[in-house]
Amino acid sequence: QLAFRPRFHNRGRACCIESNAAGKVCLSILGTWHGPAWSPGQTVSSVLLSIQSLMNEKPYHNEPGFEQERQAGEANRYNDCIRHETLRVAVCDMLERKVEMPSALVSTMEETFKSLADHYIEAAKAHTHLDGTTILDMFKEAYGEFRFTQSIARLQALKAKLHC
């Protein structure tokens, strides 16, 4: 038996792949979406592969009922939100140890960061024009303001700390 129980939260939501407003991953094999159900022949690897398939260039379209944009540009605005929160929470907060996690994961994340740090910084620099504007998710819920410049400073500090 395998249980995934994130012990960290962002604004009351578990930090995980969110594919609906309730924070559940909509995947039939997890019993959270219609389609083929779980079978004993499936492995952790097959479940993770299915979740990985949700990670694509337009995560907006993974949301049930959002196969088409409701308003032009919504998918790109959602990508901006995902990009900002990924850098802020999944990269910076995790590596700054604001989140409790196993030490094996910390060392893996640090090694991965060393190879991706410049990519993260360039991605943030390309979006600093959004700084100060309101972050809205696909459900029009406000998350605060974009602060890519602040993320750049955090990423650079992490880069120096990890000697990369």
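Before any of the text, the structure's been laid out above.
Anyway, here's the lowdown on the structure attached to this text. Treat the numbers as computed from the prediction; the structure is a model and nothing was measured. (Residues numbered from 1 in each chain as written. Predicted model: local features only at pLDDT ≥ 70, side-chain atom pairs only at ≥ 80, totals over all residues. Heavy atoms only, no water.)

**Quick notes on the overall build of the protein chain**
In step 1: Looking only at helices and strands, one finds 4 helices and 4 strands in the protein chain.
In step 2: Order of helices (α) and strands (β) in the protein chain, N terminus to C terminus: β-β-α-α-α-β-β-α.
In step 3: A burial count over the protein chain gives 35% of its 164 residues as buried.
In step 4: In the protein chain, the share of contacts with a sequence separation of at least 24, taken over all contacts with a separation of at least 6, comes to 50%.
In step 5: In the form shown here, the protein chain has an accessible surface area of approximately 10,200 Å², with 55% of it arising from carbon and sulfur atoms. (Helix = DSSP H or I, 4+ residues; strand = E, 2+ residues; numbered from the N terminus. Buried < 20%, exposed > 50% of the residue type's maximum accessible area, 1.4 Å probe, protein only. Contact = heavy atoms within 4.5 Å. Areas by Shrake-Rupley, 256 points an atom, 1.4 Å probe, with all protein chains shown as cover.)

**Considering the packing of aromatic side chains**
In step 1: Scanning the entire structure with this criterion turns up 4 aromatic pairs.
In step 2: For the ring pair Tyr 60 and Phe 66, a centre distance of 5.3 Å and an interplane angle of 85° mean the geometry is edge-to-face. With respect to burial, Tyr 60 and Phe 66 carry one shared label: buried.
In step 3: Members of the aromatic cluster, connected to one another through ring pairs, are Tyr 60, Phe 66 and Tyr 78.
In step 4: Here the guanidinium or amino end of Arg 70 rests over the ring plane of Phe 66, the centre of that ring lying 4.0 Å away. (Phe/Tyr/Trp six-rings, centres within 6.5 Å; stacked < 30°, edge-to-face > 60°. Lys NZ or Arg CZ within 6 Å of the ring centre and 35° of its normal.)

**Brief notes about the side chain of Asn 79**
In step 1: Within the secondary structure, Asn 79 sits in helix α2 (residues 74-95).
In step 2: At 2.9 Å, the side chain of Asn 79 and the backbone oxygen of Glu 57 are in polar contact.
In step 3: For Asn 79, the contacting residues outside a window of four places in its chain are Glu 57, Lys 58 and Pro 59. (Polar contact = N/O pair within 3.5 Å; in protein donor to acceptor, adjacent residues only side chain to side chain.)

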